[in-house]
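This is what each chain is made of:
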Amino acid sequence: MKILIDNGHGENTPGKRSPDGEFREYLYAREIAEAIERELKMRGYDAERIVHETVDVPLAERARRVNEFCGKLGASNVILISIHCNAAGNGDWMNARGWSAYTSKGNTKADTLASCLYAAAAEHLPAGTKIRSDWSDKDPDWEENFYVLTKTRCPAVLTENFFQDNRDDVAFLLSQEGRQAIVKLHVEGIIKYIGA
């Protein structure tokens, strides 16, 4: 199984930071993606980041890179995880908190991958952490027509790793404990999916 990891946005993407500027989503997503890739490789899995640039890579190019692997290896032999951080407002500190994952609409293999990530989040995030779920279609992930989910041919999940405009979430994201928990939930969720 080829595990592709996408880190959201770029240093030139407007916004995408905490109101005080201390937290930058593009940088954090890259650090987490690198750590996930490194940990999976250490465990013998075939993991690769699709974005090495620090500037934003257009969504169409991200999808093209993923689909190139799907063409070579077969879409059923590839998965994609896209790493992001959420935001509830536009430049002010907000109250929304928590971790969540998104898939494309309808029942797909991505739902199974997302469910594995939710199970790992429940196991590896600290007790009392808000995990945002939508059970309206009998699984925990949220469904949206995000480009990277609908234009890629393999199972694809986008994770929203807490809110960059919530003070408590930002403190957790920047802590060693927070970084380790986020990396671990992705790694263990991916391995759980592959072993299912």
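Structure shown above.
On a predicted model such as this, the values are computed, not experimentally measured, just so you know.

A. Molecular detail of the pairing of strand β4 (residues 99-103). Most of β4 sits inside the fold, with five of its five residues counted as buried. Alternating positions in β4 separate into two faces, Trp 99, Ala 101 and Thr 103 on one and Ser 100 and Tyr 102 on the other, with burial throughout. Bridge count between β4 and strand β6 (residues 156-163): four bridges; the pairing is antiparallel. Counterpart to Tyr 102 in the pairing with β6 is Leu 158.

B. Local environment of the side chain of His 9. By secondary structure assignment, the location of His 9 is in the loop between β1 (2-7) and α1 (25-42). There is a polar contact of 3.4 Å between the side chain of His 9 and the side chain of His 84.

C. Looking closely at helix α2 (residues 59-73). An ideal rise of 1.5 Å per residue puts 21 Å on 15 residues; α2 measures up with 21 Å between its terminal C-alpha atoms. Of the residues making up α2, those classed as buried are Arg 62, Ala 63, Arg 65, Val 66, Asn 67, Phe 69 and Cys 70. Of the surrounding elements, those touching the buried residues of α2 are β1, α1, β2 (46-49), β3 (78-86) and α4 (147-150). At the C-terminal side of α2, Gly 74 shows a positive phi close to 95°.

D. Expanded view of the state of the cysteines. Applying the stated criterion to the full structure yields zero disulfides. Free cysteine Cys 70: the closest other cysteine sulfur is in Cys 154, separated by 4.0 Å. Assessed through its relative accessible area of 4%, Cys 70 is described here as buried. Judged by its relative accessible area of 6%, Cys 154 is buried.

E. Focus on the pairing of β1. Within β1, six of the six residues are buried, which leaves it mostly tucked inside the rest of the structure. Burial along β1 is two-sided: the face carrying Lys 2, Leu 4 and Asp 6 and the face carrying Ile 3, Ile 5 and Asn 7 are both buried. Relative to β2, β1 runs parallel, the two sharing four bridges. Within β2, the position partnered with Ile 5 by the bridge is Arg 49. Relative to β3, β1 runs parallel, the two sharing six bridges. Across the sheet, the residue bridging to Ile 5 is Ile 81, located in β3.

Reading the values: the criteria
- Residues numbered from 1 in each chain as written.
- Predicted model: local features only at pLDDT ≥ 70, side-chain atom pairs only at ≥ 80, totals over all residues.
- Heavy atoms only, no water.
- Buried < 20%, exposed > 50% of the residue type's maximum accessible area, 1.4 Å probe, protein only.
- Helix = DSSP H or I, 4+ residues; strand = E, 2+ residues; numbered from the N terminus.
- Pairing = 2+ DSSP bridges.
- Polar contact = N/O pair within 3.5 Å; in protein donor to acceptor, adjacent residues only side chain to side chain.
- Expected span 1.5 Å × (residues − 1).
- Contact = heavy atoms within 4.5 Å.
- Disulfide = S-S within 2.5 Å.

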